[in-house]
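Fold and contact review
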Amino acid sequence: MKLFLLTLNAACLLLASQITQARHAEILIDAENGNVLHEIGAAQSWYPASLTKMMTIYMTFDALNNGEIHLHDTMRASHHAARQPQSRLGLHFNERITVEEAILALVTRSANDASVVLAEHLAVTEDNFAIRMTAKAHSMGMYNSYFMNATGLPNDWQVTTARDMALLALKLQHNFPEYYHYFGAHSFTFKGREMFGINRFTATYNGAEGMKTGFTCNSGYNLVSSAKQNGRRLIGVVLGGRTSNERYNLMINQMDHGFDGNYNVIANIGTMPTNSAGLPPHQLDCASGTIHYEETDEHHHSHHHHHHGHSKHNAVSKVHHGRRHR
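Everything in this summary refers to the structure shown in the same document. All values reported here derive from a predicted model rather than from experimental measurement.

Considerations on the pattern of salt bridges
One pass over the structure, following the stated rule, counts five salt bridges. Of the charged contacts in the structure, one is a salt bridge between Arg-23 and Glu-246, with a shortest N-O distance of 3.2 Å. Note that Arg-23 is positioned in the loop between helix H1 (2–20) and strand S1 (25–30) and Glu-246 in helix H9 (residues 244–259), a separation of 223 residues in sequence. Judged by its relative accessible area of 44%, Arg-23 is partly exposed.

Structure representation (structure tokens):
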């Protein structure tokens, strides 16, 4: 009986901690030096959803940098890759895709099948790749991030924090300046079809350089963004937006305040405390019958995003047009 009461008490404390935590997490940092300008619950554990693909891309850039793989290497989709749920390119078993096409598929379409193809190309199995992802993350100081897959599809053990995701974005920029531009892609062409991106912030915000969206029922609507105005680059993270619009509005709000100089430096990302992550909240109670993971709710936007910010989109399209026919 005593043990039962202790267990019950622990469960009640856990429930209380879940209730009192922030309803979302966010952080804004200066990309020049890692100074933290603003944060809400940045050390709170959260489900990354498709922000996971930023780590998959980090591993890919690292392999490119080391000469292990090349942009135009051809990979083939395994049965496991071809069976991935939405969001996906729709790769069939044994279908070919280049490393560069896969990177662009992850950035613009959050494609789970392309993620797994990259993972298996780099580490034979997705499980082995996830072990490497976690080891790399911890070696970079992302101490509260654990990866169980290359996609961000739901897994109770796959967690991160807003602080860790901001650090990952910073490392992607600093360590891979020659590949970082891929995050700004608005579209790419695969098998003759032009596919448009699903990141509204990248398409519309002044100076936006891109990054990544994420969504599952448990995570809510996540976003990592980078933007540059008047020579100053900021990185923002929002985890747990209740709606897609809320996620974008939270990001725009903190970016605007950052560029307007309304925040003072409160810490540095390298020295922020990382020891109180707790358990990730289950953010949304999605209605039964809806799709529980990844950006599918936004796919209806994808074909008209190119109407926003014509000059930026056209410039990116031209770059991609030239690059993919090299």
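Resuming the write-up.
Looking at helix H7 (residues 162–175)
Taking 1.5 Å of rise per residue, the 14 residues of H7 would be expected to cover 20 Å, and the 20 Å separating its terminal C-alpha atoms lies within 8% of that figure. Among the 14 residues of H7, 11 are classified as buried, and the element is accordingly described as predominantly covered. Every buried residue belonging to H7 is among Ala-162, Arg-163, Asp-164, Met-165, Ala-166, Leu-167, Leu-168, Ala-169, Leu-170, Leu-172 and Gln-173, and all of these are buried. Residues of H7 that are buried sit in contact with S1, helix H2 (52–65), strand S7 (208–216), strand S8 (220–229) and strand S9 (232–241).

Regarding the packing of helix H4 (residues 99–109) against helix H5 (residues 112–123)
Two numbers describe a pair of packed helices, the interaxial angle and the distance between the axes. Their axes nearest at 9 Å, the elements H4 and H5 cross at an angle of 135°. In terms of orientation, H4 and H5 fall into the oblique class. The two elements H4 and H5 meet at a crossing, and its hand is left-handed. Here Val-99, Ala-102, Ile-103, Ala-105 and Leu-106 of H4 come into contact with H5, specifically with Ala-114, Ser-115, Leu-118 and His-121. Across the contact of H4 with H5, the residue classes break down as seven nonpolar, two polar and no charged.

Overview of unusual backbone geometry
For residues other than glycine, phi is negative in most cases, and the peptide bonds are mostly trans. In this chain, Gln-86 is followed by Ser-87 through a cis amide linkage whose omega measures 0°. For Ser-87, the position within the fold is in the loop between helix H3 (79–82) and strand S4 (96–98). With phi around 55°, Ala-49 is a residue other than glycine that occupies positive phi space. Position of Ala-49 among the secondary structure elements: in the loop between strand S2 (35–40) and H2. Residue classification places Ala-49 among the buried positions, given a relative accessible area of 2%. Backbone geometry places Ser-110, a non-glycine residue, at a positive phi of 50°. If you trace the backbone, Ser-110 turns up in the loop between H4 and H5.

Reading the values: rules and limits
Residues numbered from 1 in each chain as written. Predicted model: local features only at pLDDT ≥ 70, side-chain atom pairs only at ≥ 80, totals over all residues. Heavy atoms only, no water. Salt bridge = Lys/Arg side-chain N within 4 Å of Asp/Glu carboxyl O. Helix = DSSP H or I, 4+ residues; strand = E, 2+ residues; numbered from the N terminus. Buried < 20%, exposed > 50% of the residue type's maximum accessible area, 1.4 Å probe, protein only. Expected span 1.5 Å × (residues − 1). Contact = heavy atoms within 4.5 Å. Axes fitted to C-alpha atoms, helices over the stretch in contact; angles between N-to-C directions. Parallel < 35°, antiparallel > 145°, perpendicular 65-115°, else oblique. Left-handed = near helix turned anticlockwise from the far one by under 90°. Nonpolar A, V, L, I, M, F, W, Y, C, P; charged D, E, K, R; others polar.

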